[in-house]
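Results of the structural survey
For reference, the chains in residue letters:
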Amino acid sequence: MAIVETSDLRKTYGEGATAVQALDGVDLQVQPGEFVAVMGPSGCGKSTLLNMLGGLDAPTSGSVRVDGADLTALTDDRLTELRRRRIGFIFQFFNLIPVLSAVENAALPLVLDGAKDAQATAAEWLTNVGLKDRLANRPDQLSGGEQQRVAVARALSTQPALVLADEPTGNLDSKAATDIAGLLGQVAREWGRSVLMVTHDPRIASFADRLVLMKDGRIVDDVHLDGSVDAARLAMEKSGLL
């Protein structure tokens, strides 16, 4: 069963002459353990698609299913529960709480869910992402790459089916960006989570299994990547997006 499945997904902002069609009939599937990158020019619908999949915004029409649940049919409480337990979020600017340690930040979704072993689980994930010796450090004591690793651990702490990453390397230097892209590949291939990443960087997208290219709210190409560093750039050139 696909972890993500959208059918004729549409989102319109505004009405009449000022209406903007942010998504225009998007059909997409993401399988368990698959790492999918989404690219396209500004305003193509990448972020809107991410918001729909995360249950942060409702479609105008069409359907969105995540881990077997139809997001458009859920009550607000059930949608909140699904987001907290089955979807992990990673953002460009980390969104860590400055006064909390790495382990406290990573444990936060579990604490909010009332889990008794929150810090132990968070410590295990921080160890998995390479921060075993940084558990007690606050964000201002960590590099950008280390802060994003805390965010990855936080996203994984609830054992989600889907991880949504919005420009996760956009605030990092080249080496840290490469490390985080490789880590997201590990999240999918070793730990079995589906990962959908929005990025503007073809080099980072090349770490994914698939590349979905968008333009004007539509998917214009969907290609499997071979792992080579130029794979995403060449796919964008072929589709006329570069």
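Now for a look at the structure at hand. These figures come from a predicted structure and were not determined experimentally.

1. Quick notes on the overall build of the chain
- The secondary structure content of the chain amounts to eight helices and 10 strands.
- Seen along its three principal axes, the alpha-carbon backbone of the chain occupies a region of about 50 × 45 × 35 Å.
- Across the 242 residues in the chain, those meeting the buried criterion constitute 49%.
- The long-range share in the chain, meaning contacts at least 24 apart out of those at least 6 apart in sequence, stands at 69%.
- For the chain, the exposed area adds up to about 10,900 Å²; of that, 48% sits on carbon and sulfur atoms.
- The positive charge centre, built from 24 side chains, and the negative charge centre, built from 32, are 2 Å apart in the chain.

2. Topic: the pairing of strand β9 (residues 210-215)
- Most of β9 is tucked away, with five of its six residues classed as buried.
- Looking at chain direction, strand β3 (residues 35-39) and β9 are connected through four bridges and run parallel. Residue Ala37 lies in a different strand from β9, and its bridge partner there is Leu211.
- Strand direction decides the pairing type here: β9 and strand β10 (residues 218-224), joined by six bridges, are antiparallel. By the bridge assignment for β10, Arg210 is matched with His224.
- Once β9 ends, the chain turns through two residues before running back antiparallel as β10, passing Asp216 with a positive phi of about 55°.

3. Considering the sheet that holds β9
- An order of β6-β7-β8-β3-β9-β10 is seen for the six strands of this open sheet, with the pairing classed as mixed. Of all strands in the sheet, those bounded by a partner on one side alone are β6 (87-90) and β10. Between one strand axis and the next, the sheet turns by 20° as a mean value, whatever way the strands run.
- Relative to the sheet, helix α6 (residues 174-189) contacts β3, β6, β7 (162-166) and β8 (194-198), its axis offset from that of β3 by approximately 135°.

4. Description of unusual backbone geometry
- The phi torsion at Asn95 lies on the positive side, around 55°, for a residue other than glycine.
- Locating Asn95 in the fold gives a position in the loop between β6 and α3 (102-112).
- Judged by its relative accessible area of 44%, Asn95 is partly exposed.
- Look at Asp216: it is not a glycine, yet its phi comes out positive at around 55°.

The rules we used
Residues numbered from 1 in each chain as written. Predicted model: local features only at pLDDT ≥ 70, side-chain atom pairs only at ≥ 80, totals over all residues. Heavy atoms only, no water. Helix = DSSP H or I, 4+ residues; strand = E, 2+ residues; numbered from the N terminus. Buried < 20%, exposed > 50% of the residue type's maximum accessible area, 1.4 Å probe, protein only. Contact = heavy atoms within 4.5 Å. Areas by Shrake-Rupley, 256 points an atom, 1.4 Å probe, with all protein chains shown as cover. Lys, Arg positive; Asp, Glu negative; His and termini not counted. Charge placed at Lys NZ, Arg CZ, Asp CG, Glu CD. Pairing = 2+ DSSP bridges. Axes fitted to C-alpha atoms, helices over the stretch in contact; angles between N-to-C directions.

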